Amino acid sequence: MNQLQARTTQIYILVLSILAIYFCNLETIIAGVVVGWVLQGISLETLIHRKYAHNQFNYKNIFWEVACYIILLSTSLGRPYEWSYGHRVHHRYTDQLNDPQSPHSIGILKTFFSVFPAGVKGWDGIDKDLRSQPRLMFFNKHYYKFYILYNIIWFTIDPVSALCFIGIPSLLAWLTLGIINTISHLEMYKPKDILFPLWFWGGNYHGTHHKFPNKTYLGPRDLSYFVIKIIGTENEK
């Protein structure tokens with residue numbers, strides 16, 4: 001992900017979230033948190049992580065694929081290809097010096113705030129399956145154009161609601177990502193499961209995931225697994 005674009009987006013999200021607290025009533029803020037919990041869970045864990053980084057399932061049809069692209073826009077996580085590429089390197093070199101997503105290689109603060117290094121180097125074939133998906137690569141290439149359009153539509157409909165329903169889901173997604181990447185990797189070379197599976201949509205089963213990276217069902221409260229069953233078909237491993 002372009003570092004300037006990522007940092008600019010994060011600052012933008014922080015500003016929206018602060019303005020939401022000031023301008024939105026309590027009911028709208030609560031609605032933003034509930035909607036944000038759903039969107040960040042599906043966007044981060046089901047889509048960015050399991051669909052694109054680990055290729056665990058295929059969409060049942062184009063309707064679900066397009067719907068999921070909109071969900072990805074709603075949480076401002078950035079281009080799915082770049083994130084997935086870096087995450088695959090993270091699994092190959094977990095907690096080593098060339099791991100781009102570990103507190104042991106880039107530091108706790110950078111990991112928590114997702115300040116990942118640019119120009120991550122992988123290996124031959126690391127992205128072959130991603131590059132073979134034309135709609136994904138088109139969405140990835142034009143992600144920020146779509147993101148700007150998404151924001152324009154929201155602010156045209158209702159500027160005050162836009163503060164909540166753009167800012168809060170995105171803020172929750174970035175915080176969730178930072179918590180998982182940091183807390184789960186505090187012990188070097190031994191990724192751990194953490195608490196609150198319902199909040200993390202199964203992303204908290206991080207140690208289990210590192211042991212079985214292709215496994216779609218990680219635990220009894222793995223909400224992402226049930227989303228996968230609705231929108232996709234699991235890939236055979």
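See above for the structure.
These remarks concern the structure in this document. (Residues numbered from 1 in each chain as written. Predicted model: local features only at pLDDT ≥ 70, side-chain atom pairs only at ≥ 80, totals over all residues. Heavy atoms only, no water.)

As a further point, take a nonpolar patch on the surface. On the surface, Ile-11, Val-15, Leu-19, Tyr-22, Phe-23 and Val-160 cluster together into a nonpolar patch covering about 610 Å² of accessible area. Note on placement: Phe-23 falls in helix α1 (residues 3-23). (Patch = residues over 30% accessible without salt bridge, like charges linked within 9 Å, V, L, I, M, F, W, Y side chains within 5 Å. Areas by Shrake-Rupley, 256 points an atom, 1.4 Å probe, with all protein chains shown as cover. Salt bridge = Lys/Arg side-chain N within 4 Å of Asp/Glu carboxyl O. Helix = DSSP H or I, 4+ residues; strand = E, 2+ residues; numbered from the N terminus.)

The nonpolar side chains of a soluble globular protein tend to be buried with one another. The biggest cluster of nonpolar side chains holds 49 residues, and the ones touching the most others in it are Leu-47, Tyr-52, Tyr-59, Leu-72, Cys-164, Ile-166 and Ile-231. In contact with Leu-47, other than residues within four places in its own chain, are Ile-42, Tyr-52, Phe-57, Tyr-59, Cys-68, Ile-71, Leu-72 and Ile-231. (Core = buried A, V, L, I, M, F, W, Y, C linked by side-chain atoms within 4.5 Å. Buried < 20%, exposed > 50% of the residue type's maximum accessible area, 1.4 Å probe, protein only. Contact = heavy atoms within 4.5 Å.)

A few words on the packing of helix α2 (residues 26-53) against helix α4 (residues 80-92). Direction vectors running N to C along α2 and α4 enclose 65°, while the axes themselves pass 9 Å from each other. Compared by their axis directions, α2 and α4 come out roughly perpendicular. Where α2 crosses over α4, the two elements pack in a sense that is right-handed. For the pair formed by α2 and α4, the contact residues are Ile-48, His-49, Tyr-52 and Ala-53 on the first element and Pro-80, Trp-83, Ser-84, His-87, Arg-88 and His-91 on the second. The residue makeup of the contact of α2 with α4, split by class, is five nonpolar, four polar and one charged. (Axes fitted to C-alpha atoms, helices over the stretch in contact; angles between N-to-C directions. Parallel < 35°, antiparallel > 145°, perpendicular 65-115°, else oblique. Left-handed = near helix turned anticlockwise from the far one by under 90°. Nonpolar A, V, L, I, M, F, W, Y, C, P; charged D, E, K, R; others polar.)

According to the stated counting rule, one finds zero disulfides in the structure shown. The thiol of Cys-24 is not disulfide-bonded; the next cysteine sulfur, from Cys-164, is found 3.3 Å away. (Disulfide = S-S within 2.5 Å.)

Further remarks concern the packing of aromatic side chains. Aromatic rings considered in pairs are described by the distance between their centres and by the relative angle of their planes. Under the criterion given, the structure shown has 17 aromatic pairs. Centre to centre, the rings of Phe-63 and Trp-64 are 5.2 Å apart; their planes meet at 70°, and the pair counts as edge-to-face. Here Phe-139 and Phe-146 contribute two aromatic rings whose centre-to-centre distance is 5.9 Å and whose plane-to-plane angle is 15°, an arrangement assigned as stacked. A relative accessible area of 29% means that Phe-146 is categorised as partly exposed. (Phe/Tyr/Trp six-rings, centres within 6.5 Å; stacked < 30°, edge-to-face > 60°.)

Nothing here speaks to function; it is geometry throughout.
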